[in-house]
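Observations on the model geometry
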Amino acid sequence: GQQLNQSPQSMFIQEGEDVSMNCTSSSIFNTWLWYKQDPGEGPVLLIALYKAGELTSNGRLTAQFGITRKDSFLNISASIPSDVGIYFCAGQLRGGTSYGKLTFGQGTILTVHP
Amino acid sequence: NAGVTQTPKFQVLKTGQSMTLQCAQDMNHEYMSWYRQDPGMGLRLIHYSVGAGITDQGEVPNGYNVSRSTTEDFPLRLLSAAPSQTSVYFCASSYSPRTGDGSNYGYTFGSGTRLTVV
């Protein structure tokens with residue numbers, strides 16, 4: 001099956017620093033999604049990207065859909081303690097029943113020191 | 001709106017027991033899925049459904065059954081629980097291309113069921 005490689009696996013940063021994480025795939029996706037998961041909760045959608053080259057922002061978060069459709073990155077600017085959590089990328093194909101399936105990266109564990 | 005509701009939140013089973021994890025959504029989403037989350041492995045798709053009466057297998061379907069008799073509900077059945085099924089299970093739902101507006105296909109997740117098989 002398709003594999004998503006997400007890096008880094010974990011990050012320890014100081015409050016106020018910027019953060020960058022990325023996902024790469026061996027095959028193309030038509031949609032890239034970025035989720036955040038807090039302890040004991042389900043993933044919450046942060047940003048959705050639907051077109052190659054698309055750059056989308058949501059507050060301090062910015063994500064881009066790679067031109068090759070095989071990668072995506074997420075940036076968090078001026079990190080704050082509540083940014084702590086696990087961040088997941090997910091890829092989705094379109095067409096037929098492919099919409100029903102998401103392929104997830106392994107996650108990036110973010111720790112923010114005050 | 002309640003969103004995606006999963007029950008129970010916690011469950012302990014003995015090896016060989018069967019049980020059903022419940023999932024309900026009130027957003028009129030056509031697509032629903034079940035994922036399991038294990039440490040260091042992200043979320044892996046178990047089964048999914050693109051509408052009432054239609055289900056298909058995901059990446060790790062063995063040992064699980066699903067059915068979709070209504071748009072709102074998508075239960076996951078463990079036929080004979082094994083320790084390898086100890087995990088956190090998430091249900092998710094989404095609009096389909098037919099009912100979405102082209103910008104809202106991201107899945108909404110429930111808060112999970114933490115299952116331990118002993």
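The rules behind each value
Residues numbered from 1 in each chain as written. Chains lettered and ligands numbered in written order. Predicted model: local features only at pLDDT ≥ 70, side-chain atom pairs only at ≥ 80, totals over all residues. Heavy atoms only, no water. Helix = DSSP H or I, 4+ residues; strand = E, 2+ residues; numbered from the N terminus. Rg over C-alpha atoms; globule rule 2.2 N^0.38 Å. Buried < 20%, exposed > 50% of the residue type's maximum accessible area, 1.4 Å probe, protein only. Disulfide = S-S within 2.5 Å. Contact = heavy atoms within 4.5 Å. Buried area = accessible area lost by both parts, 1.4 Å probe. Salt bridge = Lys/Arg side-chain N within 4 Å of Asp/Glu carboxyl O. Polar contact = N/O pair within 3.5 Å; in protein donor to acceptor, adjacent residues only side chain to side chain. Core = buried A, V, L, I, M, F, W, Y, C linked by side-chain atoms within 4.5 Å. Pairing = 2+ DSSP bridges. Axes fitted to C-alpha atoms, helices over the stretch in contact; angles between N-to-C directions.

Quick word on the overall build of chain B
When helices and strands are counted, chain B shows zero helices and eleven strands. The secondary structure elements of chain B, listed N-terminal to C-terminal, are β-β-β-β-β-β-β-β-β-β-β. Against the globule reference of 13 Å for 118 residues, chain B gives a C-alpha radius of gyration of 14 Å, in line with a compact fold. When the backbone C-alpha atoms are referred to their principal axes, chain B occupies close to 45 × 30 × 25 Å. For chain B, with 118 residues in total, the buried portion stands at 50%.

As for the state of the cysteines
Under the criterion given, the structure shown has two disulfides over all chains. The residue that forms a disulfide with A:Cys23 is A:Cys89, at a sulfur-sulfur distance of 1.6 Å. Taking the torsion about the S-S bond as the criterion, the A:Cys23 to A:Cys89 disulfide, at about -70 degrees, is left-handed. In this pair, A:Cys23 is assigned in strand β3 (residues 19-25) and A:Cys89 in strand β9 (residues 85-92), connecting sequence segments 66 residues apart. Grouping residues by exposure puts A:Cys23 and A:Cys89 together as buried. A sulfur-sulfur separation of 1.9 Å characterises the disulfide bridge that pairs B:Cys23 with B:Cys91. Note on the B:Cys23 and B:Cys91 pair: the S-S dihedral is about -75 degrees, so by sign convention the disulfide is left-handed. Of this pair, B:Cys23 sits in strand β3 (residues 19-25) while B:Cys91 sits in strand β9 (residues 87-94); the two residues are 68 residues apart in sequence, bridging distant segments of the chain. Overall, B:Cys91 belongs to the buried group, its relative accessible area being 0%.

Remarks on the environment of B:Asp56
In this fold, B:Asp56 is placed in strand β6 (residues 54-57). In contact with B:Asp56, not counting residues within four places along its chain, are B:His47 and B:Tyr48.

Here we look at unusual backbone geometry
With omega at -5 degrees, the peptide bond leading from A:Ser7 into A:Pro8 counts as cis. With an omega dihedral of -5 degrees, the bond running from B:Thr7 to B:Pro8 counts as a cis peptide bond. Tracing the chain through its elements places B:Pro8 in the loop between β1 (4-7) and β2 (10-13). At A:Arg69, a residue that is not glycine, the phi angle is positive and equals roughly 65 degrees.

Notes on the interface of chain A and chain B
Taken together, the 20 residues of chain A in the interface contact 22 residues of chain B. A combined buried area of about 1,700 Å² lies between chain A and chain B, and 61% of that area is made up of carbon and sulfur atoms. In this assembly, chain A and chain B are joined by zero salt bridges. Counting across the interface, chain A meets chain B through three residue pairs in polar contact (both at pLDDT 80 or more). Going through the elements one at a time, β4 (31-37) and β9 of chain A are the ones with two or more residues in the side of chain A that touches chain B. The element best represented in the side of chain A that touches chain B is β4(A), accounting for three residues.

So, the nonpolar core
A:Trp32, A:Trp34, A:Leu74 and A:Leu110 are the most contacted members of the largest nonpolar core, which has 21 residues in total. Of all the secondary-structure elements, those providing two or more residues to this core are β2 (10-14), β3, β4, β5 (44-49), β7 (61-65), β8 (71-76), β9 and β11 (108-113) of chain A. Setting aside residues no more than four positions away along its own chain, A:Leu110 makes contact with A:Met11, A:Ile13, A:Val19, A:Ile76, A:Asp83, A:Val84, A:Gly85 and A:Tyr87. By size, the runner-up hydrophobic cluster in this structure holds 20 residues, among which are B:Leu13, B:Met27, B:Ile46 and B:Leu115.

What to know about the sheet that holds strand β6 (residues 55-58) of chain A
All names here are of chain A. The five strands are arranged β1-β3-β8-β7-β6 in an open sheet whose pairing can be described as antiparallel. The sheet is open, and its two edges are formed by β1 (4-7) and β6, each paired on a single side. Within this sheet the neighbouring strands show an average axis-to-axis angle of 15 degrees, counted without direction. The pairing of β3 with β8 spans six bridges and is antiparallel. What sits directly across from Cys23, in β8, is Ser72.

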